[in-house]
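# Remarks on the overall topology
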Amino acid sequence: MALRNILGKRFGVGLAGRRPLSTATCDVESGNAKAINLYSAINQALLIALETDPRAFVFGEDVSFGGVFRCTTGLADRFGKARVFNTPLCEQGIVGFGIGLAAMGNRAIAEIQFADYIYPAFDQIVNEASKFRYRSGNQFNCGGLTIRAPYGAVGHGGHYHSQSPEAFFCHVPGIKVVIPRSPRQAKGLLLSCIRDPNPVVFFEPKWLYRLAVEEVPEHDYMLPLSEAEVIRQGSDITLVGWGAQLSIMEQACIEAERDGIFCELIDLKTLIPWDKETVEASVRKTGRVLISHEAPVTGGFGAEISASIVERCFLRLEAPVARVCGLDTPFPLVFEPFYMPTKNKILDAIKATVNY
Amino acid sequence: MAFCSKNSRNIIKNLKSKAGLSRLIKQSSDSRYGSCLNKTNPCRIIPLTTLPQLGNPDSYSHKKGLSFCFQRLQSTTSEQQFASLPNGEQNQELDFPGGKVVFSPEMRFLSESPCVYNQCYRVLDDNGQLICNSNFVEVSEEIAVKMYSSMATLQILDTIFYEAQRQGRISFYLTTIGEEAINIASAAALTSDDIVFPQYREPGVLLWRGFTLQEFANQCFGNKADYGKGRQMPIHYGSNKHNYFTVSSTIATQIPHAVGAAYSLKMDKKDACAVTYFGDGGTSEGDFHAALNFAAVTESPVIFICRNNGWAISTPTSDQFRSDGIAVRGQAYGVRSIRVDGNDALAMYSAVHAAREMAINEHRPILIEAVTYRIGHHSTSDDSTKYRPADEIEWWRMARDPVTRFRNWIETNGWWGSEAESQLRSSIRNQLLQAIQIAERAEKPPVNDLFTDVYDNIPSNLREQEKLLRETMNRHPEDYPADVPF
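Thresholds, definitions, all that
Residues numbered from 1 in each chain as written. Chains lettered and ligands numbered in written order. Predicted model: local features only at pLDDT ≥ 70, side-chain atom pairs only at ≥ 80, totals over all residues. Heavy atoms only, no water. Helix = DSSP H or I, 4+ residues; strand = E, 2+ residues; numbered from the N terminus. Buried < 20%, exposed > 50% of the residue type's maximum accessible area, 1.4 Å probe, protein only. Contact = heavy atoms within 4.5 Å. Areas by Shrake-Rupley, 256 points an atom, 1.4 Å probe, with all protein chains shown as cover. Pairing = 2+ DSSP bridges. Axes fitted to C-alpha atoms, helices over the stretch in contact; angles between N-to-C directions. Parallel < 35°, antiparallel > 145°, perpendicular 65-115°, else oblique. Left-handed = near helix turned anticlockwise from the far one by under 90°. Nonpolar A, V, L, I, M, F, W, Y, C, P; charged D, E, K, R; others polar. Core = buried A, V, L, I, M, F, W, Y, C linked by side-chain atoms within 4.5 Å. Buried area = accessible area lost by both parts, 1.4 Å probe. Salt bridge = Lys/Arg side-chain N within 4 Å of Asp/Glu carboxyl O. Polar contact = N/O pair within 3.5 Å; in protein donor to acceptor, adjacent residues only side chain to side chain. Arc of directions from axis to C-beta. Phe/Tyr/Trp six-rings, centres within 6.5 Å; stacked < 30°, edge-to-face > 60°. Lys NZ or Arg CZ within 6 Å of the ring centre and 35° of its normal. Domains from an automatic or database assignment. UniProt positions renumbered as here; feature names shortened; annotations may be inferred. pLDDT = per-residue confidence, 0-100.

### Quick notes on the overall build of chain B
The helix and strand tally for chain B stands at 16 helices and nine strands. Here chain B holds 486 residues, and the buried ones make up 49% of them. For chain B, long-range pairs separated by at least 24 residues make up 70% of all intrachain contacts whose partners lie at least 6 apart in sequence. Of the roughly 22700 Å² of accessible surface on chain B, 51% is carried by carbon and sulfur atoms.

### Considering the sheet that holds strand 10 (residues 237-241) of chain A
Residue and element names in this part refer to chain A. Read across the sheet, five strands follow the order 9-11-10-13-14 without closing on themselves; strand pairing throughout is mixed. With partners counted over all chains shown, the strands left at the sheet margins are strand 9 (229-232) and strand 14 (322-326), one partner each. Ignoring strand direction, the axes of neighbouring strands in this sheet form an average angle of 25 degrees.

### As for the packing of helix 1 (residues 38-52) of chain A against helix 7 (residues 183-195) of chain A
All names here are of chain A. Contact pair helix 1 / helix 7: the axes reach a minimum separation of 8 Å and the direction vectors enclose 30 degrees. On the basis of their axis angle, the class for helix 1 and helix 7 is roughly parallel. Viewed along their axes, helix 1 and helix 7 form a crossing whose handedness is right-handed. Two secondary-structure elements touch here, helix 1 through Leu-38, Ala-41, Ile-42, Gln-44, Ala-45, Leu-46, Ile-48, Ala-49 and Thr-52 and helix 7 through Pro-183, Ala-186, Lys-187, Leu-190, Leu-191, Ile-194 and Arg-195. Its residues assigned to classes, the contact of helix 1 with helix 7 shows 12 nonpolar, two polar and two charged.

### Considering the nonpolar core
Core analysis: the largest hydrophobic core is formed by 88 residues, its most contacted members being Phe-59, Phe-203, Trp-242, Leu-268, Phe-301 and Ile-305 of chain A together with Phe-304 of chain B. The residues contacting Phe-59 of chain A, other than those within four sequence positions of it, are Phe-85, Thr-87, Ile-94, Phe-97, Gly-98, Leu-101, Ala-108, Ile-109, Ala-110 and Glu-111 of chain A. Grouped together as the second largest cluster of nonpolar side chains are 75 residues, Ala-164, Tyr-237, Ala-345 and Ile-428 of chain B included.

### Let's talk about the interface of chain A and chain B
Frequently, the measure chosen for interface size is the accessible area that the parts lose on association. Taken together, the contacts link 46 residues of chain A with 43 residues of chain B. Of the roughly 3600 Å² buried between chain A and chain B, counting both surfaces, carbon and sulfur atoms make up 62%. It is Tyr-134, Arg-135 and Gln-139 of chain A in chain A that bury the most area against chain B; as a group they hold 21% of the surface buried on that side. Notably, a salt bridge pairs Arg-312 of chain A with Glu-464 of chain B, separated by 3.2 Å at the nearest N-O pair. Applying the counting rule to chain A against chain B returns 19 residue pairs in polar contact (both at pLDDT 80 or more). Those elements that provide at least two residues to the side of chain A that touches chain B are helix 3 (91-103), helix 4 (122-128), helix 5 (132-135) and helix 10 (276-286) of chain A. For the side of chain A that touches chain B, the element with the highest residue contribution is helix 3 of chain A, accounting for nine residues. By residue class, the composition of the side of chain A that touches chain B is 20 nonpolar, 15 polar and 11 charged.

### A few points about helix 10 of chain A
Residues of helix 10 of chain A that are buried: Lys-276, Val-279, Glu-280, Ser-282, Val-283 and Thr-286 of chain A. The buried residues of helix 10 of chain A occupy an angular sector of 160 degrees when the element is viewed end-on, so they sit on one face. Looking at the packing, one finds that the buried side of helix 10 of chain A touches strand 10, strand 11 (263-267), strand 13 (289-296) and helix 11 (301-313) of chain A together with helix 16 (460-475) of chain B. Capping of helix 10 of chain A at its N-terminal end is provided by Asp-275 of chain A; its side-chain oxygen lies 3.3 Å from the backbone amide nitrogen of Glu-277 of chain A. Just downstream of helix 10 of chain A lies Gly-287 of chain A, where phi reads positive at about 80 degrees.

### Details of the packing of aromatic side chains
Tallying each qualifying case throughout the model produces 34 aromatic pairs over all chains. Ring centres of Phe-97 of chain A and Phe-294 of chain B lie 5.9 Å apart, and the angle between their planes is 40 degrees; this geometry places the pair in the tilted category. Of this pair, Phe-97 of chain A sits in helix 3 while Phe-294 of chain B sits in helix 10 (residues 286-298), which puts the two residues in different chains. In terms of burial, Phe-97 of chain A and Phe-294 of chain B fall into one category: buried. Through successive ring pairs, a cluster of aromatic residues spans Phe-57, Phe-59, Phe-85 and Phe-97 of chain A together with Tyr-263 and Phe-294 of chain B. In this structure, Lys-146 of chain B packs its charged tip against the face of Trp-208 of chain B, placed 4.0 Å from the ring centre.

### Considering unusual backbone geometry
A cis amide bond, omega -15 degrees, links Ile-272 of chain A with the succeeding residue Pro-273 of chain A. You can see Pro-273 of chain A is positioned in the loop between strand 12 (270-272) and helix 10. The backbone of Asn-133 of chain B sits at a positive phi, close to 60 degrees, despite the residue not being glycine. Along the polypeptide, Asn-133 of chain B turns up in the loop between strand 2 (99-102) and helix 5 (141-166). Look at Ala-252 of chain B: it is not a glycine, yet its phi comes out positive at around 75 degrees. Relative to the helices and strands, Ala-252 of chain B is located in the loop between helix 8 (213-221) and helix 9 (254-267).

### Re the packing of helix 5 of chain B against helix 15 (residues 418-441) of chain B
Residue and element names in this part refer to chain B. Taken N-terminus to C-terminus, the directions of helix 5 and helix 15 make an angle of 40 degrees; their axes are 10 Å apart at the nearest point. In this view, helix 5 runs oblique relative to helix 15, as classed from their interaxial angle. Considering the relative orientation of helix 5 and helix 15, their crossing is right-handed. Residues Tyr-148, Ser-149, Ala-152, Thr-153, Gln-155, Ile-156, Leu-157, Ile-160, Phe-161 and Ala-164 of helix 5 touch helix 15, and the partners they reach there are Glu-421, Leu-424, Arg-425, Ile-428, Arg-429, Leu-432, Leu-433 and Ile-436. Residue classes in the contact of helix 5 with helix 15 are distributed as 12 nonpolar, three polar and three charged.

### A short note on the domain arrangement of chain A
Residues and elements named next belong to chain A. Considered domain by domain, chain A is made up of domain 1 (2-217) and domain 2 (229-354). Relative placement of domain 1 and domain 2: their C-alpha centres are 24 Å apart. The contact between domain 1 and domain 2 buries some 2900 Å² in all, and 57% of this surface belongs to carbon and sulfur atoms. The shortest N-O distance in the salt bridge between Asp-267 and Arg-181 comes to 2.8 Å. Run the count over domain 1 and domain 2 and you get 11 residue pairs in polar contact (both at pLDDT 80 or more). Among the secondary structure elements, those contributing two or more residues to the side of domain 1 that touches domain 2 are helix 6 (166-169), strand 6 (176-178) and helix 7.

### A word on the UniProt feature "domain: Dehydrogenase E1 component" (unreviewed entry) in chain B
In the numbering adopted here, UniProt assigns the feature "domain: Dehydrogenase E1 component" (unreviewed entry) to residues 150-447 of chain B. Taken end to end, residues 150-447 of chain B comprises 47% helix and 11% strand; its first and last C-alpha atoms sit 36 Å apart.

### As for the pairing of strand 5 (residues 302-308) of chain B
All names here are of chain B. Counting buried positions over the seven residues of strand 5 gives seven, a clear majority of the element. Judged by which residues are buried, strand 5 turns out to be covered on both faces: Val-302, Phe-304, Cys-306 and Asn-308 on one side and Ile-303, Ile-305 and Arg-307 on the other are all buried. Pairing analysis gives six bridges linking strand 4 (residues 274-279) to strand 5, with the strands arranged parallel. Within the sheet, the bridge partner assigned to Val-275 lies in strand 5 and is Ile-303.

### Side note on the confidence of the model for chain A
Interpreting fine coordinate detail is not advised for predicted regions of low pLDDT. Confidence in the prediction of chain A, expressed as mean pLDDT, is 93, and 92% of residues score 70 or more. When the criterion is pLDDT under 50, residues 1-26 of chain A qualifies, and its contacts beyond four places in sequence or with other chains add up to 65 contacts.

This is the structure we're talking about:
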């Protein structure tokens, strides 16, 4: 159901079945739900965060008027400019300031305007935020810090509005990396990230901000971190992905089924610490695995998943682990359709793996 | 020349391209700004689209940038206004989104350096005698004696720990020699509620707040009692009960943290500020600039204290920046600042005291540049005679020592004497030697502490890694240090 309403040429319609969440911390189904898009879902999560915790703050470039993607619409008006405010144009400052704010026990929700611009803050994230608790012997922590950034292909973004930098952050012990696939997931995961006592980097698939529409409960709910979700059951091959790529993978699954190949599709949701157990259990069932992400294939997070699965499931594997990912180039403009891991690339790889 | 906000940059670009600003400015002054509507005058750059219905003043929006245009086009009145100004003083205020600026027809660049160096505040002369007509914050005998004792303690602590590293008993150390006044006097002017974000050459602040000699030793030896659980190199102290955030080796990263913390204090309406320290080298890092700018914009009660000690390891300040030190940069960010003689404990105390009041009561950041000299080497991994003359170091140690200088002052006041001095020094020395012995003999933290605190709870991947590690430890115990308990 989650991916059914995603519109646009790239995406198909319909998802055969949906396995209910096995360990939802809150009953997502209860209460009123309205069909809203991703940026509205994010907006709701932020509103709830600000409402339920007087020590929550939202800040970043242009957040005051609503943000370049409208995720922070109405928040400054409702909660005041002391709690929802623009910062100077300086990512290292945004994150450094956020660490200090979080270190004093506040929930610092920092926005980086595009994931492509997160790198000036990399030092603060890697050398400071991720080590803050450890290096102090747990005397201090900046767990209240959540960094949100739109990531991923958007059709015309080119080098600097399309990047998927998650792999850089997955190599940093001490932070969590979370990526939602849809509006309902985004709201629940973002609230969990905000309330999690560890610093979190939350990448939002910008492609889906307006295009993905889903029934999202209006109440306050959270979805668990570090728990992967099997969103489509199958017996022939396990597919692992996150974010916007899942809807492409789902299309491939639907077409593969017409050829008698039944794919199990897993949304990782949290990339670190990731849920090895769920993926492993699936691979033990299917004996085959394919990972797909937009980020360049070399050193992408798919490599970590692949290495882990081979270590743990070597004798069960019927075929090499397949990766269908972006190319090892800067993200191109005109060549975007060639760069991207498309449904057909995935379908070809599914068949090759199954027929290995 | 009319400047409408949205197109100001375009206008300036256009003007520049027309062979010099002055010609155009001159032109416009000749024409008394009436020429703006003259199509042949290059001055008229304003696209008509930004000035809807030029002919009808009443249709103008009240946006700041357009208000001047409106004024000017009420032709006779404005022309008369300008006509009444004496020649060459065609100064007018212009409203830009960036602020009101005073217009001038004279092209004048701001100099890259001041005519005189930014003055340096001091109240005690080099011999520790009060300078006439100085203003400073009074310090009681009790506080002054505590300050001096702490400065002397810091000196002895540094000497003994430095030696311990030389003897191979601890792996690393760095001293604060020459900067005792900055450390202690600033700490004395703060309260224990003020949140400190140190670089690494400020253990004196922690000492003042009550961190014991034993606690210092425990961290340097990384033993079980180290609050940091043995994870970091020596001198990376941190203590939440003393509101002193844990030192990290990275330069200047703490500066923006202090701004966020100060913002929190402001929001909580606390009678407290955040204070952060860094060296002259640290002011070159991006985090310094980011932090000052954020502090000004967010109006946060934070005190930035720069220990300008002349050296960033081997790099002298002439290779570090070309500004007149650090305090002058404050104004560029909208931050009130002062340069202080960092070796004058009384001046430091006064400046920090005043800064704290302004920071908290006015919700503003303050920048203090404390000029001093790093008498010691950068660290035990450095021999500074390789890049500076040994007699220069000696001169500062003998003639410009901040500890001696303050001692002179308190002795002049009759608050201290040579007996107190020798008693203090021998007592501290004995306590330190004992603390080191105890710290050295103590057990290290258990291996389990390798895996805790990465996150609030231990995730499954770390549990698994610990399990595998323990198997390896059992198979090959000889690979592992004997003093770390399994």
